[in-house]
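Residues per chain are reported as follows:
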Amino acid sequence: DGLLMSELCRPFRMMLLVNPQSGKGQALALYNNHIQRMLNEAGVPHTLVITERQNHARELVREADLSQWDALVIMSGDGLLYEVINGLLERPDWEDAIRTPLGVLPGGSGNALAASIHHYSGASPVSGEELLVSCGFLLCKGLVSRMDLVSIHLSSSPRLFSFLSLAWGFIADVDIESEKYRHIGAVRFTIGTLVRLASLRVYRGKLSYLPAAEDSTNKGDLRNNMMLRCNNQASPSGPASLPCRPSRDFSHQNTSYNSCHSNNSLNVRRTECTSSRSATNALPGPTDSLLLPLDQPLPSDWVVGQEEDFVLMLAMYQSHLAEDLLAAPDATLDDGIIHLFYIKAGISRIALLRLLLAMEKGAHLATNCQHLVHTKVRALRLEPCSPKGIITVDGEVVQYGPVQAEVHRGLARLISG
Ligand code: ADP
Ligand code: MG
């Protein structure tokens, strides 16, 4: 029983980073009203750190003595976890640092990872303070799972790491344009969507990807494949109890940045793996063995797209895009898969609205919309042709231009149900 196992390991030492400006600006009040007592009653000692500005958490985590902490937990939106993950992967000891168990308490306006772990726990959908309480309980249980991360390459900025999404077009525009309504909480996405729908436009570009399996659009097949792979793994990726001291055992590392040599279903040629290594070797973080430099043509095992008009491109690695948007219903924490969705130009406003409304329950894939494509990939490259635009990573704006991504299976650790 997970509860017993984690209780045996108490107390674990938790750093709780709270962003007082996130969401409606109520994260501290939510902490005082719900979380403080919950953690105390569960016997989880924690040190509260109130973030003072953007990148404060990133810098703090980059410099921290991680031997002092058994878990780093954020209470904010997804933006603060994005900082923590990137801070950990900027460290010279990244390989060790990224195994620090992370946790999320929803206090922002975009709480997609919190909604995802609540969904994975099997509980029925909730939002707002109910979601916070649910995540508080999951945190107190202290079960640690692996979580996929995706490395993101842009043409002229350092490599980034993403735990949630890469978006271009409609969804990226809504996310950023609606930031000005942050004070109204998650409703900002609904308002932003209606505004954007009224001025619907298309985005020209090229989208290419490396399929995850032999074009398996059949969910059953893919699940079976993944189960087989899980069974073949040297170490299981399922939940483990939170250790009193973080395990620093390198031997159980089997994440996908070794995928050139691993037993997954991809037939990646060794030459391609090695030729890309020089691109990232000098910096901390895992090697991207599936990617070539952005200005080079793609390997022959990729599906290479032609220039066309899109309404949106959305790459998801967890189930929820927002508290009430179940964008990738069959995604799991560490399936090692990028769930790629795109909508081609030509879709009517009403059909797009229907899709977005269906997404609330994860029913958009069942609408059989001819313009929506869903495919499972390990890596992708997007080359936008429109001169200006918005690309987001985990809901944060990044440099606009060509971008490519590769999934690293189970690279991080997350306290989840
Ligand atoms: P939300 O879901 O409300 O957007 P986020 O967690 O995404 O919440 O936080 C939004 C941004 O606020 C992040 O980019 C983070 O770096 C920044 N931030 C953190 N602490 C502060 C602070 N004290 N004042 C202003 N911004 C902050
Ligand atoms: Mg945010």
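What counts, and at which threshold
- Residues numbered from 1 in each chain as written.
- Chains lettered and ligands numbered in written order.
- Predicted model: local features only at pLDDT ≥ 70, side-chain atom pairs only at ≥ 80, totals over all residues.
- Helix = DSSP H or I, 4+ residues; strand = E, 2+ residues; numbered from the N terminus.
- Buried ≥ 20, exposed ≤ 12 C-beta atoms within 10 Å, placed from the backbone.
- Contact = placed C-beta atoms within 7 Å.
- Near = placed C-beta within 6 Å.
- Nonpolar A, V, L, I, M, F, W, Y, C, P; charged D, E, K, R; others polar.
- Pairing = 2+ DSSP bridges.
- Core = buried A, V, L, I, M, F, W, Y, C linked by C-beta atoms within 7 Å.
- Axes fitted to C-alpha atoms, helices over the stretch in contact; angles between N-to-C directions.
- Parallel < 35°, antiparallel > 145°, perpendicular 65-115°, else oblique.
- Left-handed = near helix turned anticlockwise from the far one by under 90°.

(A) Summary view of the overall build of the protein. Summing up its helical and strand segments, the protein has 12 helices and 17 strands in all. Residue burial in the protein is summarised as follows: out of 417 residues, 46% are buried. Of the contacts made within the protein by residues no fewer than 6 positions apart, 78% connect residues no fewer than 24 positions apart.

(B) Broad picture of the site of ligand 1. Around ligand 1, a shell composed of 20 residues is seen, among which T51, S76, G77, G79 and G108 lie nearest. Among the elements that take part in the shell around ligand 1, helix α4 (residues 78–89) stands out by supplying four residues, more than any other. Grouping the amino acids of the shell around ligand 1 by side-chain chemistry returns two nonpolar, 13 polar and five charged.

(C) Summary view of the environment of G401. Following the sequence through the fold, G401 ends up in the loop between β16 (396–398) and β17 (403–415). Overall, G401 belongs to the partly exposed group, with 16 C-beta atoms counted inside 10 Å. With residues near it in sequence (within four places) discarded, G401 still touches L154, S155 and P384.

(D) Structural context of the pairing of strand β8 (residues 203–211). One ladder, built from three bridges, connects β8 with strand β10 (residues 308–316); its direction is antiparallel. In the sheet register, R204 faces β10, and the bridge partner there is D309. Relative to strand β14 (residues 372–384), β8 is paired through seven bridges, and the arrangement is antiparallel. Its bridge partner lying in β14, S208 is registered against R381.

(E) Spatial organisation of unusual backbone geometry. Backbone geometry places N55, a non-glycine residue, at a positive phi of 70°. For N55, the location among the structural elements is in the loop between β2 (46–50) and α3 (56–63). A positive phi angle is found at D394, which is not glycine, with a value near 55°. Within the secondary structure, D394 sits in the loop between β15 (391–393) and β16.

(F) A look at helix α6 (residues 112–120). Within α6, eight of the nine residues are buried, which leaves the element mostly enclosed by the surrounding structure. Of all the residues in α6, the buried ones are A112, L113, A114, A115, S116, I117, H118 and H119. Buried residues along α6 sit against α4, β4 (102–106), α7 (128–141), β11 (320–322) and β12 (325–326). Phi for G122, located one or two positions after α6, is positive at around 90°.

(G) A look at helix α8 (residues 170–177). For α8, the tally of buried residues reaches six of eight residues, placing the bulk of the element in the interior. Those residues of α8 that fall on the buried side of the exposure criterion are F170, I171, A172, D173, V174 and D175. In this structure, the buried residues of α8 make contact with β7 (165–169), α9 (187–198), β10 and β15.

(H) Quick peek at the nonpolar core. Core analysis: the largest hydrophobic core is formed by 107 residues, its most contacted members being V73, M75, L81, V84, I85, L312 and I338. Dropping the residues within four chain positions of it, I85 is found in contact with L149, F161, F163 and A412.

(I) A look at the packing of α6 against α7. Two elements in contact, α6 and α7, have axes whose closest approach is 10 Å; the angle formed by their N-to-C orientations is 65°. With respect to each other, α6 and α7 are oriented roughly perpendicular. Considering how the two elements wind past one another, α6 and α7 form a crossing that is left-handed. Contacts from A114, A115, I117 and H118 of α6 reach α7 at L131, S134, C135 and L138. Residues belonging to the contact of α6 with α7 are distributed by class as follows: six nonpolar, two polar and no charged.

(J) Layout of the environment of L326. For L326, the location among the structural elements is in strand β12. Of the residues examined, L326 has 22 C-beta atoms within 10 Å and is grouped as buried. As a C-alpha pair, L326 and I338 span 12 residues in sequence and 15 Å in three-dimensional space. Once you skip the residues sitting within four places of it in the chain, L326 turns out to touch H119, S319, H320, M359, E360, K361 and G362.

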